[in-house]
Amino acid sequence: MFFQEEFETMPREQLRELQLLRMRDTFKRCYDNVDFYKKAFNGAGVVPEDLKSLDDLRKFPFTVKQDMRDAYPYKLFAVPMDKVARIHASSGTTGQATVVGHTAGDLARWGECFARGIRMADLGPGTVMQVAYGYGLFTGGLGAHVGGEVAGCCVIPASSGNTKRQIQMIKDMGVELLACTPSYALLIADSAIEMGYDPAVDFKLKAGIFGAEPSSDGMRREIAQKLGIRYCDVYGLSEIMGPGVAMECGHGEGLHFAEDHFYPEIIDPDTLEPLPDGEWGELVITTLTRECTPLVRYRTRDISRIIAQPCSCGRTHRRIDRIIGRTDDMLIIRGVNVFPSQIEQVIAEVPGIATQYQITVGTRGSLDYVELAVEMAPDFVFDEIRQLEGLKKKLAAELKSNLQIAVDIRIVEPHTIERSEGKAKRVIDLRKNTGTIRGIGK
Amino acid sequence: MIKQLTVFLTNEKGRLAAACRVLADAGINLRSLNVADTADFGVARIICDNPDDALQALQHAGYRAAITDVVAVCVPDVLGGLADLLAFMDTLDVNIEYGYCFVNGGGNAIDILKVDGGADVEERLIEAGYVCPKAEDVYNF
Ligand SMILES: [Zn+2]
């Protein structure tokens, strides 16, 4: 089911023309109204008129998170304050907050983007939707809320917290669509089961739109199964808009990127060169219709790839794959980019290996080496050496064929892998500075 | 069938001693200890007087431990005793995954065999005239 069929199924050629037109307009508004962009464009030796085709985009400078922090609070706004309808901001736990403004038009288009995802789940007018994202400066709550209203749903603004009441409302009010973070969806499911319900049978829930944090395939399956729903992924970030930048149609892999409003690029985070469709790299977004806080080539630090193959749902917008990590987590091992989440996925698919792991990267002579410490699963039979050697070989072979890296596997005793605050320290990179430890999934 | 205590140990100095200390503190008497090891890990196979309590003690202390069913056979401590036994096992069409033996002062030896593929190995050994000691007798050998 489409929400804006004309735009969602627009022929590629026509869509590219629209993108170019809107991008040029965006660049002109940026250059004329925002000092930061005027300086950045001048510094790169370009003016908006240099954008003659979408391929010219690569000549324009990137925008990074720090630029937004430096612009606190309003220096990136491209419209006067009487046109600003709402402000969202990041929490600013790692420094200055980033402030993003929205005009009435921005808010309307945001609602439409999210509403497309609700229609992808075959829901809309007549659907009772519960929004259990937090409301406030965080874009999750209000983003989903307005999306629900624009799609014609009856929206319950439950916000997050008070899980028992959430469950009571889901049951009593016949909620069919739940919007929240994956981890909160799982908590709702488990709490409902604890309360004696079988959510898959006792509730009317049909779909969930879950985003704002990473979730593994296993977690997706668990949520879908426990709640008896279709799991729909949503991508978005507050700098760009909020949830709704890309949404999952359920017909194929990945999420349709709202290409009439946002232009995606995938770049190599080291060389900063754009990569062809299909290759993994850092997602870079240029906004095409944002009025208050337009962004040019914003580096999201999220790692994904573009899936350009046509989707059987009929939408022409290219898809992005599930976000597999952040550039901060990326390891470059003998020239190959590897993300801890990819290693995690391979581990999850080898029976006999427990989910705890720790990767150590170091240098022997001039070559990098990777050592992966794992624990065996509790039910693994280990009294024969060859069983353990076989397990190591199997895991090494899977890693080699999936990630093209040679890994030394070490099976360790339980509780050997250090945990800090409940989270394991997943990566130790001895190459950069001694003993730097980075966690994933922050 | 008798119960062998199997413990997974990383190949680091002091790990085996630490595991044995846990067992000693739990009042467990070891009858035999056999360690198979590789460059980075080892598997300790232990016959002791109380395998169930020993398992609990080790697991409680955070070790990866398990009980493995093995066959015990009495073999006269004479030249060729073990060779004859293994020759007979060959005729049973089972795989011996590993084996070890221990001897007491009285000239008797017990062979411990981990056999794959024959639940009735013990019966057939007895039919062939071998003596398979009772579990308690092995635990208190
Ligand atoms: Zn689709």
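Use the structure listed above.
This report concerns the structure included in the present document. (Residues numbered from 1 in each chain as written. Chains lettered and ligands numbered in written order. Predicted model: local features only at pLDDT ≥ 70, side-chain atom pairs only at ≥ 80, totals over all residues. Heavy atoms only, no water.)

1. A look at the overall build of chain B
Summing up its helical and strand segments, chain B has five helices and six strands in all. Starting at the N terminus and ending at the C terminus, chain B contains elements arranged as β-α-β-β-α-β-α-β-β-α-α. At 16 Å, chain B has a C-alpha radius of gyration in line with the 14 Å of a compact globule built from 141 residues. By principal-axis analysis of the C-alpha atoms, chain B measures approximately 45 × 30 × 25 Å. By the burial criterion, 45% of the 141 residues in chain B qualify as buried. Long-range contacts, defined as pairs at least 24 residues apart, comprise 67% of the intrachain contacts of chain B with a sequence gap of at least 6. Summed over its atoms, the accessible surface of chain B is roughly 7000 Å², and 47% of this surface lies on carbon and sulfur atoms. The positive charge centre, built from 10 side chains, and the negative charge centre, built from 21, are 9 Å apart in chain B. (Helix = DSSP H or I, 4+ residues; strand = E, 2+ residues; numbered from the N terminus. Rg over C-alpha atoms; globule rule 2.2 N^0.38 Å. Buried < 20%, exposed > 50% of the residue type's maximum accessible area, 1.4 Å probe, protein only. Contact = heavy atoms within 4.5 Å. Areas by Shrake-Rupley, 256 points an atom, 1.4 Å probe, with all protein chains shown as cover. Lys, Arg positive; Asp, Glu negative; His and termini not counted. Charge placed at Lys NZ, Arg CZ, Asp CG, Glu CD.)

2. With respect to the overall build of chain A
For chain A, the count of helices and strands is 12 helices and 24 strands. In summary, chain A has a C-alpha radius of gyration of 23 Å against a globular reference of 22 Å for 442 residues, a match within 12%. Burial analysis of chain A (442 residues in total) assigns 56% to the buried set. In chain A, the proportion of contacts linking residues at least 24 apart, taken out of those at least 6 apart, comes to 64%. Surface exposure of chain A reaches about 18800 Å², of which carbon and sulfur atoms provide 52%. When the 54 positive and 61 negative side-chain charges of chain A are each reduced to one mean point, those points stand 2 Å apart.

3. Overview of a nonpolar patch on the surface
All names here are of chain B. Among the surface-exposed residues, Leu 16, Leu 30, Leu 33 and Val 35 lie close enough to one another that they form a single nonpolar patch of about 280 Å² accessible area. Ranked by residue count, the leading element in the nonpolar patch is strand S2 (residues 30-37), at three residues. Relative to the helices and strands, Val 35 resides in strand S2. (Patch = residues over 30% accessible without salt bridge, like charges linked within 9 Å, V, L, I, M, F, W, Y side chains within 5 Å. Salt bridge = Lys/Arg side-chain N within 4 Å of Asp/Glu carboxyl O.)

4. What about the packing of helix H2 (residues 12-33) of chain A against helix H3 (residues 35-44) of chain A?
Packed helix pairs are specified by the crossing angle of their axes together with the interaxial distance, meaning the distance between the axes. Residues and elements named next belong to chain A. Closest axis-to-axis distance for the H2/H3 pair is 5 Å, and the angle between their directions is 105 degrees. Between H2 and H3, the angle falls in the class roughly perpendicular. Between H2, through Phe 27, Cys 30, Tyr 31 and Asn 33, and H3, the contact on the second element is made entirely by Asp 35, Tyr 37, Lys 38, Phe 41 and Asn 42. A class-by-class count of the residues in the contact of H2 with H3 yields five nonpolar, two polar and two charged. (Axes fitted to C-alpha atoms, helices over the stretch in contact; angles between N-to-C directions. Parallel < 35°, antiparallel > 145°, perpendicular 65-115°, else oblique. Nonpolar A, V, L, I, M, F, W, Y, C, P; charged D, E, K, R; others polar.)

5. Re the coordination of the zinc ion
All names here are of chain A. Each protein donor to the zinc ion is listed here as Cys 249 (SG), His 256 (NE2), Cys 311 (SG) and Cys 313 (SG); together their distances run 2.1 to 2.3 Å. Taken together, the four donor atoms surrounding the zinc ion define angles of 99 to 120 degrees at the centre, an arrangement classified as tetrahedral. Considered as a linear motif, the donors of the zinc ion on their single chain read C-x6-H-x54-C-x1-C. With His 256 in strand S9 (residues 255-257) and Cys 313 in the loop between strand S13 (306-307) and strand S14 (319-320), the pair connects residues that are 57 residues apart, well separated along the chain. (Donors = N, O, S within 2.8 Å, 3.2 Å for Na, K, Ca; no water. Tetrahedral: all angles 85-135°; square planar, octahedral: opposite > 155°, others 65-115°.)

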